[in-house]
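Chain by chain, the residues run as shown.
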Amino acid sequence: MSTDESREPEHIEKTPEQPAIEPAFPVFYDRDRRRWPWFRRGLITGGLLVLAGTILLVISLVALPLMPRASLPRLAPTFILAARDPALGEHERRQLSFKQAQDQKRISVLRERLSREERERRRRGEEYLSHAAHELVGPPAPRTPVVAGFYVNWEETSNAALHRNIGSLTHLMPEWLHLKAGDEGALVTDPKQNPFIDGRVRTDRQDVIPLARANGVPILPLLNNYTHVKGQAEGMGDWDPAAVHAIVGSATARQNVIAHLRNWLLNEQMQGINIDFEEVDTADRAGLTAFIHELAAALHASGLLVTQDVQIGSESFDLVALARDCDWLVPMFYDQHSGGEPAGPVASIEWTRSQLETLLQSVPADR
């Protein structure tokens, strides 16, 4: 055997076959075109919407002149012919100027007449409100014994007592109006600002006012200087001498408060006012007297009553002068004993009799 034949065949290693590599495509490549129908539909829908919007825009532009228009009268323009027409002679220009001056005078006369008529209408309106306020319950008979009942809307027992005793009252004095706090004193001289607060609640409008009017009881709302912080509950606060000073210390402030108060009473169809200024500074004695005098003159002219609560023995109240201007005074006979003092009656009979005798030395009995 030859050497080549005796040589064993060599072992040949074969490389395993590699899998076929697919070509790379973009991430959103749609080889099967499955998203194409949706894209085509969206494209067609968007195109239709744009076409519809374009058509509507064209229609709105074309149709706008065809819409109905209000047939407003056209005024002839006014020209000053004497100045615009250079062809006019000197004589014609003077004539036109004279006519224009006459027309201006006629216009001024017409304006003045309209102004007088407007003032007269306002005066008649105020007289009507004044008469309506008194015809509602009728003016009280002069020198009739007064049985006035005070009412507050922050105490439920006050409402119950009013219902029980309304038939015995000649006048109702509800605590509804409050001066604004003393730190708002700058507002009391502004005619556009109401210098007092209307503290009425729903019960006052829906129950108390109809009850008084149904029983023929005149309503004299109480205006006091018991002020409280904005947002604080009704009945909470303190007596504010600065609020009184801001009003009575200025003639402008007095007139502004009186004007607002008179208009409010007439518009609300009330029959008068009760002034309850307490803890007034002695320095404001003359100003308070002047305020009541001016208030009485304004309200009496409109047929409204003016009453005032007074503190006996206080130098802040000129009782003689106040009694002259007020329809009557309401003495505060309830401070014989108060908080912080030894226990005792608020107003014993003997103490009240003594206070009344002192009051009658300077105030007539019918006041």
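Everything here concerns the structure above.
This is a predicted model, so every value here is computed, not measured.

Quick notes on the rules
Residues numbered from 1 in each chain as written. Predicted model: local features only at pLDDT ≥ 70, side-chain atom pairs only at ≥ 80, totals over all residues. Heavy atoms only, no water. Core = buried A, V, L, I, M, F, W, Y, C linked by side-chain atoms within 4.5 Å. Buried < 20%, exposed > 50% of the residue type's maximum accessible area, 1.4 Å probe, protein only. Helix = DSSP H or I, 4+ residues; strand = E, 2+ residues; numbered from the N terminus. Contact = heavy atoms within 4.5 Å. Phe/Tyr/Trp six-rings, centres within 6.5 Å; stacked < 30°, edge-to-face > 60°. Lys NZ or Arg CZ within 6 Å of the ring centre and 35° of its normal. Salt bridge = Lys/Arg side-chain N within 4 Å of Asp/Glu carboxyl O. Patch = residues over 30% accessible without salt bridge, like charges linked within 9 Å, V, L, I, M, F, W, Y side chains within 5 Å. Areas by Shrake-Rupley, 256 points an atom, 1.4 Å probe, with all protein chains shown as cover. Pairing = 2+ DSSP bridges. Right-handed = clockwise from strand over helix to strand, strands pointing away. Arc of directions from axis to C-beta.

Things to note about the nonpolar core
Okay, so step 1: Grouped together as the largest cluster of nonpolar side chains are 54 residues, with contacts concentrated most on Leu223, Ile273, Phe277, Phe291 and Leu295.
Okay, so step 2: Here this core takes 7 residues from helix H8 (residues 251–267), the largest share from any one element.
Okay, so step 3: Excluding anything up to four places from it in sequence, Leu223 contacts Leu177, His178, Leu179, Phe196, Leu261, Ile273, Asn274, Ile275, Asp276 and Phe277.
Okay, so step 4: Among the nonpolar cores identified, the runner-up in size contains 5 residues, and Leu220, Leu305, Trp328 and Val330 belong to it.

Some words on the packing of aromatic side chains
Okay, so step 1: One pass over the full model with this rule turns up 3 aromatic pairs.
Okay, so step 2: If you follow Arg200 out to its NZ or CZ, it ends over the ring of Trp176, 5.9 Å from the centre.

Some details on the environment of Leu265
Okay, so step 1: Structurally, Leu265 is set in helix H8.
Okay, so step 2: Judged by its relative accessible area of 0%, Leu265 is buried.
Okay, so step 3: Each C-alpha atom, one on Leu265 and one on Ile219, is 9.8 Å from the other, the two residues being 46 residues apart in sequence.
Okay, so step 4: Ignoring any residue separated from it by four or fewer positions in sequence, one finds Leu265 in contact with Pro221, Met270, Gly272, Ile273, Leu299 and Leu304.

Remarks on the pattern of salt bridges
Okay, so step 1: The full count for this structure, using the stated rule, is 9 salt bridges.
Okay, so step 2: A salt bridge links Glu112 to Arg116, with the nearest nitrogen and oxygen atoms 3.9 Å apart. Here Glu112 and its partner Arg116 are both found in helix H4 (residues 90–137), 4 residues apart, which amounts to about one turn of the helix.
Okay, so step 3: The salt bridge partner of Glu268 is Arg200, with a shortest N-O separation of 3.2 Å. Of this pair, Glu268 sits in the loop between H8 and strand S7 (272–276) while Arg200 sits in the loop between strand S3 (196–198) and helix H6 (202–214); the two residues are 68 residues apart in sequence, bridging distant segments of the chain.
Okay, so step 4: Here the salt bridges do not stand alone but share partners, grouping Asp198, Arg200, Arg205 and Glu268 into one network.

So, unusual backbone geometry
Okay, so step 1: A positive phi is found at Gln269, a non-glycine position, where the angle reads about 60 degrees.
Okay, so step 2: Position of Gln269 among the secondary structure elements: in the loop between H8 and S7.
Okay, so step 3: Not every positive phi belongs to a glycine, and Glu279 is a case in point at roughly 55 degrees.
Okay, so step 4: Its location among the elements puts Glu279 in the loop between S7 and helix H9 (285–301).
Okay, so step 5: A relative accessible area of 44% means that Glu279 is categorised as partly exposed.

Side note on a nonpolar patch on the surface
Okay, so step 1: A contiguous nonpolar patch, built from Ile44, Leu48, Leu51, Ile55, Leu56 and Ile59 and spanning about 590 Å² of accessible area, is present on the exposed surface.
Okay, so step 2: Relative to the helices and strands, Ile59 is located in helix H2 (residues 36–63).
Okay, so step 3: Judged by its relative accessible area of 46%, Ile59 falls in the partly exposed class.

A look at the pairing of strand S9 (residues 328–331)
Okay, so step 1: For strand S8 (residues 305–310) and S9, the ladder comprises 4 bridges, and the chain directions are parallel. Directly across from Asp309, in S9, lies its bridge partner Val330.
Okay, so step 2: This β-α-β element, S8 to helix H10 (residues 319–325) to S9, shows right-handed connectivity.

Considering helix H5 (residues 156–165)
Okay, so step 1: Here H5 has its buried residues at Ser158, Asn159 and Leu162. What you see down the axis of H5 is that its buried residues fit within an arc of 100 degrees, all on one side. Seen from the buried face of H5, the exposed residues on the opposite side, beyond 90 degrees, are Glu156, Thr157 and Arg164.
Okay, so step 2: For H5, the secondary structure elements touched by its buried residues are strand S1 (148–151), strand S2 (171–179) and H6.

Don't take any of this as a statement about function, it's just geometry.
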